[in-house]
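# A closer look at the structure
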Amino acid sequence: MPFVYAFASKTVFENYTTSGTPNTEIDVAFLKPGATRACNLQGIRVQGKAAALVTLSGLAFRLKQWTTTASSAGTALAFGPVDNRAPAAVSTGAAGAGGGTNAVTSGTGGPTIVGGCGCGASGPGGWVSANPDSNIILDGGATKSTDLFSSSGSASLNFEFWGEIIE
Amino acid sequence: MPFVYGFHSKFEAETYTTSGSSNTEIAPLGIFANGNRVCSLQAITVQGKAVGLTSLNTLTFRLKGWTTTASTVGSAYDPQPMDNRAPANVTRIVLGTGGGPAAVSGGSGGPKLIGGFGCLASEPGGWVSIDGDGNPTVLAFGNYPGIDLVSSSGTPSLDYEFSGEILER
């Protein structure tokens, strides 16, 4: 039976924000496999957090893999097992320290775009793997990372995110 | 075969409300195991209930697993079987008494953030477990003794209601 772990931006900070420059990417967060188990991303959920916005705007999110070295820095994300009988997660990850427009330090190599999703500035959105074969996978011990990038046509939109990995 | 039970905020009140302070959490719902089956949350739906709102606003919801004791203070209810042939539930819920910004309490240890989702102030939203392995699980002894649903919004005092499904096996 696989072990499923959830992560949430709230474990680092209340709000993340897209760039102050329209259509400019920020490398918000990354996931990196541990030495002993593969890290399978099976879902990301995002939520635009506009307050009292009077026009419609959208946020886009992209999933990319750095293929030579993994991203680093930021503040560590906490991985909570959905069934607390599971052992501790071996995957690690981080999000930009202090929230807002802060980013992690991007890895190197590629990056390869492996997925994406979006949401309205005050609405929900996300991506869920169509089936287990379609999970975004990094093998155990790989010195690579899967990163979440944000972008929006309107500058500085707030959001938060949650996700699930399988090990 | 698992047994599936539903619950609704309307068990207790017509409307629940996010905090009167921006980005401040309130737990309107606690789920806990009252017997020795494996009890899993498999879905939550929410609906923003704004009336006459003239700007776009957001509610976020988070699922938190308590690691020592469950939230049991509030108004207690039994989730109802989806198939009426099912035996009595062992999972129970508590709801903030009287609705509005009322909260449940009593949880301790952790909590660990184990999920989240959101909705617009006048729109639906929710979360469904990707598969059975992804169900947040509560057990009467050890594991997570309880899971809370926590609300938050950047704009204070937004109305909503919610419902959910629990699987026991």
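### Some remarks on the overall build of chain A
Assigned secondary structure in chain A consists of zero helices and 13 strands. Overall, chain A shows an N-to-C arrangement of helices and strands of β-β-β-β-β-β-β-β-β-β-β-β-β. Summarising its shape, the C-alpha atoms of chain A cover approximately 50 × 35 × 30 Å along the three principal directions. Here chain A holds 167 residues, and 53% of them are scored as buried. Long-range pairs, those at least 24 residues apart, make up 88% of the contacts in chain A between residues at least 6 apart in sequence. Of the side chains in chain A, 9 bear a positive and 10 a negative charge, and the two mean positions are spaced by 2 Å.

### Remarks on the sheet that holds strand β5 (residues 58-66) of chain B
All names here are of chain B. Read from one edge to the other, the open sheet built from six strands follows the order β6-β8-β3-β12-β5-β9, with strand pairing classed as antiparallel. Only two strands of the sheet have a single partner each, and these edge strands are β6 (75-77) and β9 (112-120). Here the strands of the sheet are splayed against their neighbours by 20° on average, with no regard to which way each runs.

### Topic: the packing of aromatic side chains
Applying the stated criterion across every chain yields a total of ten aromatic pairs over all chains. One aromatic cluster is present, formed by B:Tyr16, B:Phe61, B:Phe117, B:Tyr160 and B:Phe162 through successive ring pairs. The ring of A:Phe149 carries A:Lys64 above its face, with NZ or CZ at 4.4 Å from the centroid.

### A look at the pairing of strand β12 (residues 146-153) of chain B
Residue and element names in this part refer to chain B. Most of β12 sits out of view: eight of its eight residues are buried. Side-chain alternation along β12 places Gly146, Asp148, Val150 and Ser152 on one buried face and Ile147, Leu149, Ser151 and Ser153 on a second face that is also buried. Looking at chain direction, strand β3 (residues 26-33) and β12 are connected through five bridges and run antiparallel. Bridging from a neighbouring strand, glycine 30 pairs with aspartate 148 of β12. Bridge count between β5 and β12: eight bridges; the pairing is antiparallel.

### Regarding the pattern of salt bridges
Residue and element names in this part refer to chain A. According to the stated counting rule, one finds 18 salt bridges over all chains in the structure shown. Across the pair glutamate 25 and arginine 62 runs a salt bridge whose closest N-O atoms are separated by 2.8 Å. Linking glutamate 25 in the loop between β2 (16-17) and β3 (26-32) with arginine 62 in strand β5 (residues 58-66), this pair joins segments that are 37 residues apart in sequence. Residue arginine 62 is classed as partly exposed on the basis of its relative accessible area, which comes to 27%. In this structure, arginine 37 engages glutamate 167 in a salt bridge whose closest nitrogen and oxygen atoms are separated by 3.0 Å. With arginine 37 in the loop between β3 and β4 (39-48) and glutamate 167 in the segment after β13 (158-166), this residue pair connects regions lying 130 residues apart in the sequence. Of the two residues examined, arginine 37 and glutamate 167, each falls in the buried class.

### Some remarks on the sheet that holds β5(A)
All names here are of chain A. Strand order in the open sheet formed by six strands is β6-β8-β3-β12-β5-β9, and the pairing between neighbours is antiparallel. Because the sheet does not close on itself, it has two edges, and the strands there are β6 (75-76) and β9 (112-120). Where β3 and strand β12 (residues 145-152) come together, five bridges link them in antiparallel fashion. Note that in β12 the partner of phenylalanine 30 across the bridge is aspartate 147.

### Some words on the nonpolar core
B:Phe7, B:Leu29, B:Leu41, B:Ile44, B:Phe61 and B:Phe162 are the most contacted members of the largest nonpolar core, which totals 33 residues. Elements represented by at least two residues in this core include exactly β1 (4-8) of chain A together with β3, β4 (39-48), β5, β8 (91-95), β9, β12 and β13 (159-168) of chain B. The greatest single-element share of this core, amounting to four residues, is contributed by β4(B). What B:Ile44 contacts, discounting residues up to four positions off in sequence, is B:Phe7, B:Leu29, B:Phe117, B:Gly126, B:Trp127, B:Ser163 and B:Gly164. A:Val12, A:Tyr16, A:Cys117 and A:Ala121 belong to the second largest nonpolar core, which has 30 residues in total.

### Here's the deal with the confidence of the model for chain B
Caution is warranted with low-pLDDT regions, since their predicted coordinates should not be read in detail. Per-chain confidence: chain B averages 94 in pLDDT, with 100% of residues scoring 70 or above. At the level of chain-chain contacts, confidence expressed as ipTM amounts to 0.84, with global pTM at 0.91.

### Thoughts on the environment of B:Thr72
Residue and element names in this part refer to chain B. Structurally, threonine 72 can be placed in the loop between β5 and β6. Overall, threonine 72 belongs to the partly exposed group, its relative accessible area being 43%. Expressed as a C-alpha distance, the spacing of threonine 72 and alanine 43, which sit 29 residues apart in the sequence, is 21 Å. Ignoring anything within four residues of it in the chain, the contact list for threonine 72 reads Phe32, Val94 and Ser105.

Quick notes on the rules
Residues numbered from 1 in each chain as written. Chains lettered and ligands numbered in written order. Predicted model: local features only at pLDDT ≥ 70, side-chain atom pairs only at ≥ 80, totals over all residues. Heavy atoms only, no water. Helix = DSSP H or I, 4+ residues; strand = E, 2+ residues; numbered from the N terminus. Buried < 20%, exposed > 50% of the residue type's maximum accessible area, 1.4 Å probe, protein only. Contact = heavy atoms within 4.5 Å. Lys, Arg positive; Asp, Glu negative; His and termini not counted. Charge placed at Lys NZ, Arg CZ, Asp CG, Glu CD. Pairing = 2+ DSSP bridges. Axes fitted to C-alpha atoms, helices over the stretch in contact; angles between N-to-C directions. Phe/Tyr/Trp six-rings, centres within 6.5 Å; stacked < 30°, edge-to-face > 60°. Lys NZ or Arg CZ within 6 Å of the ring centre and 35° of its normal. Salt bridge = Lys/Arg side-chain N within 4 Å of Asp/Glu carboxyl O. Core = buried A, V, L, I, M, F, W, Y, C linked by side-chain atoms within 4.5 Å. pLDDT = per-residue confidence, 0-100.

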